[in-house]
Amino acid sequence: MSERTLVLVKPDGVKRGLVGEVISRIERKGLTLAQLELRTVERSVAEEHYAEHKDKPFFGELVDFITSGPLVAIAVEGTRAISAFRQLAGGTDPVEKATPGTIRGDFALEVQFNLVHGSDSAESAERELKLWFPN
Ligand code: RTP
Ligand code: MG
């Protein structure tokens, strides 16, 4: 069944020139790009996006970081796209959890700077896609 998920190449990924690498992995997996935009977001969007973490100690830093520079938001489409992209991304901690062969496992060292976001469920994907691509 085809579904859509929200992928972000976070500001660290854009600064490090890894946008092409991430898009290439998405395409090689067989997923397609439905919408794509380079933008720098206001705090309100970042706070809404990460609302589930609002009581965590790292919330302020996370919002600072996500708003620190341009990121690339992508609506990714395809069979089991939500899980498929989470598999490509690898675990949240790029050293302890993400394995080599994943985006985080291959290119990141710190939890804070783990390069990409992918929606974690159908409900999150629907909510996040409405937030990032209202049209
Ligand atoms: P994301 O939402 O960005 O796709 O990442 P995720 O599902 O793998 O991880 P999640 O638990 O949703 O955490 C969101 C982001 O918060 C940052 N984080 N920092 N300092 C810390 O201990 C900490 N823990 C999480 C990470 O950048 C993570 O991607
Ligand atoms: Mg998450």
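Residues numbered from 1 in each chain as written. Chains lettered and ligands numbered in written order. Predicted model: local features only at pLDDT ≥ 70, side-chain atom pairs only at ≥ 80, totals over all residues.

Labelled according to an unreviewed UniProt entry, the protein appears under the name Nucleoside diphosphate kinase, originating from Amycolatopsis albispora. The UniProt entry for the protein carries the following comment under Sequence similarities (unreviewed entry): "Belongs to the NDK family." (UniProt positions renumbered as here; feature names shortened; annotations may be inferred.)

Draft legend 1. Summary view of the UniProt feature "active site" (unreviewed entry) in the protein. UniProt tags H117 as "active site" (unreviewed entry). H117 has contacts with V7, L8 and K10, leaving out every residue within four places of it along the chain. (Contact = placed C-beta atoms within 7 Å.)

Draft legend 2. Local environment of the site of ligand 1. In the vicinity of ligand 1, the contacting residues are H53, F58, L62, T92, V111, Q112, N114, H117, G118 and D120. Its residues assigned to classes, the shell around ligand 1 shows 3 nonpolar, 6 polar and 1 charged. (Near = placed C-beta within 6 Å. Nonpolar A, V, L, I, M, F, W, Y, C, P; charged D, E, K, R; others polar.)

Draft legend 3. Focus on the UniProt feature "binding site: ATP" (unreviewed entry) in the protein. In the numbering adopted here, UniProt assigns the feature "binding site: ATP" (unreviewed entry) to K10, F58, R86, T92, R104 and N114. Within the fold, T92 resides in the loop between α5 (81-89) and α6 (103-107). Judged by the 11 C-beta atoms lying within 10 Å of it, T92 is exposed. On the secondary structure map, N114 appears in the loop between α6 and β4 (116-118). In this view, N114 contacts T92, P94, R104 and A108; residues no more than four positions away in its chain are not counted. (Helix = DSSP H or I, 4+ residues; strand = E, 2+ residues; numbered from the N terminus. Buried ≥ 20, exposed ≤ 12 C-beta atoms within 10 Å, placed from the backbone.)

Draft legend 4. Looking closely at the environment of R127. Checked against the element boundaries, R127 lands in helix α7 (residues 122-132). The class of R127 is partly exposed, set by 17 C-beta atoms lying within 10 Å.

Draft legend 5. Layout of unusual backbone geometry. Positive phi is not limited to glycine here, since R80 has a value of about 50°. Tracing the sequence through the fold places R80 in the loop between β3 (71-79) and α5. Look at R80 and you get partly exposed, because 14 C-beta atoms sit within 10 Å.

Draft legend 6. Up close: α5. Within the sequence span of α5, burial applies to A81, I82, F85, L88 and A89. With its buried residues spanning 130° around the axis, α5 presents them on a single face. Where α5 is buried, its residues meet β1 (2-9), α2 (19-29), β3, α6, β4 and α7. (Arc of directions from axis to C-beta.)

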